[in-house]
Amino acid sequence: DTEVTQTPKHLVMGMTNKKSLKCEQHMGHRAMYWYKQKAKKPPELMFVYSYEKLSINESVPSRFSPECPNSSLLNLHLHALQPEDSALYLCASSQAVDKREIGDTQYFGPGTRLTVL
Amino acid sequence: AQSVTQPDIHITVSEGASLELRCNYSYGATPYLFWYVQSPGQGLQLLLKYFSGDTLVQGIKGFEAEFKRSQSSFNLRKPSVHWSDAAEYFCAVGTGTASKLTFGTGTRLQVTL
């Protein structure tokens, strides 16, 4: 089973709201990722967690706050977003992020379509 | 830094016809190469991957890809396209740690009946 689940599927929020996106995997993967994808563009990496620790932050604005409560869960907390933050937010997971590992493969969830009004 | 080029933004093929989507990469070391497919509003589904070994790799849904180091290419092929194959296709290269994927800009496939 290579399933990554994301909730909610759709989210509409105002610029003053606080909301959270949730991602879950039960494949025993120890790396999890958040991507942002605008229409007709490839996904852009935002954050990487490796063994529940933040390992990569691609200079994402602080209004996006990731959290990894355990190895199966990944959250993205949203606060004071801008309309240009409207996008599809994708979560992915992989077995390991380690320089000694090869052949790591990312599996993606279905995404959350976020609209900021 | 690595990069991926997908020269074709949009391709239209007739159902039953063969398909080849092009992908060229730039990376100094041994690349880890992937093809993903994305239907509208959906996540990315892994079609196939190349890490090492046989340069012709088989994937799901009847797709295959061939790694050609001399041409820095990893083209995706399918002998007979089905209408359900209409989607966006992304080629990606992974670093040695595979923690960062660099995606191409994607190729939108349209299938005519």
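Below is a short write-up of the structure.

What counts, and where the lines are drawn
Residues numbered from 1 in each chain as written. Chains lettered and ligands numbered in written order. Predicted model: local features only at pLDDT ≥ 70, side-chain atom pairs only at ≥ 80, totals over all residues. Heavy atoms only, no water. Helix = DSSP H or I, 4+ residues; strand = E, 2+ residues; numbered from the N terminus. Rg over C-alpha atoms; globule rule 2.2 N^0.38 Å. Buried < 20%, exposed > 50% of the residue type's maximum accessible area, 1.4 Å probe, protein only. Contact = heavy atoms within 4.5 Å. Areas by Shrake-Rupley, 256 points an atom, 1.4 Å probe, with all protein chains shown as cover. Lys, Arg positive; Asp, Glu negative; His and termini not counted. Charge placed at Lys NZ, Arg CZ, Asp CG, Glu CD. Core = buried A, V, L, I, M, F, W, Y, C linked by side-chain atoms within 4.5 Å. Salt bridge = Lys/Arg side-chain N within 4 Å of Asp/Glu carboxyl O.

What to know about the overall build of chain A
Scanning chain A for helices and strands turns up zero helices and eleven strands. Each helix and strand of chain A, placed in order from N terminus to C terminus, yields the pattern β-β-β-β-β-β-β-β-β-β-β. Taking 117 residues into account, the globule formula puts the C-alpha radius of gyration at 13 Å, and chain A, at 14 Å, falls close to it. On the principal axes, the C-alpha backbone points of chain A span a range of 45 × 25 × 25 Å. Split into buried and exposed, the 117 residues of chain A put 49% on the buried side. Residue pairs at least 24 apart in sequence account for 56% of intrachain contacts in chain A once pairs closer than 6 positions are excluded. Split by element, the accessible area of chain A, about 5,900 Å² in all, is 49% carbon and sulfur. The averaged location of the 12 negative side-chain charges in chain A is 7 Å from the averaged location of its 14 positive side-chain charges.

Remarks on the nonpolar core
Counting 26 residues, the largest nonpolar core has Leu 19, Trp 35, Leu 47, Leu 48, Phe 74, Leu 76 and Tyr 89 of chain B as its most contacted members. Those elements that provide at least two residues to this core are strand S2 (10-14), strand S3 (19-21), strand S5 (32-38), strand S6 (44-50), strand S8 (64-68), strand S9 (73-78), strand S10 (87-94) and strand S12 (107-112) of chain B. By residue number, the principal contributor to this core is S10 of chain B, which donates four residues. Counting 23 residues, the second largest nonpolar core, distinct from the first, contains Leu 11, Leu 21, Phe 64 and Leu 114 of chain A.

So, the pattern of salt bridges
Applying the stated rule across the entire model yields nine salt bridges over all chains. Across the pair Arg 30 of chain A and Glu 52 of chain A runs a salt bridge, and its minimum N-O distance is 2.9 Å. Taken together, the residues Arg 30 of chain A in the loop between strand S3 (18-25) and strand S4 (31-37) and Glu 52 of chain A in the loop between strand S5 (44-50) and strand S6 (53-57) connect sequence positions 22 residues apart. Between Arg 22 of chain B and Asp 8 of chain B there is a salt bridge whose closest N-O contact spans 2.9 Å. Here the residue Arg 22 of chain B occupies a position in the loop between S3 and strand S4 (24-26), and Asp 8 of chain B occupies one in the loop between strand S1 (3-5) and S2, the gap between them amounting to 14 residues. Connected through salt bridges with shared partners, the residues Lys 36, Arg 63 and Asp 85 of chain A form a single ionic network.

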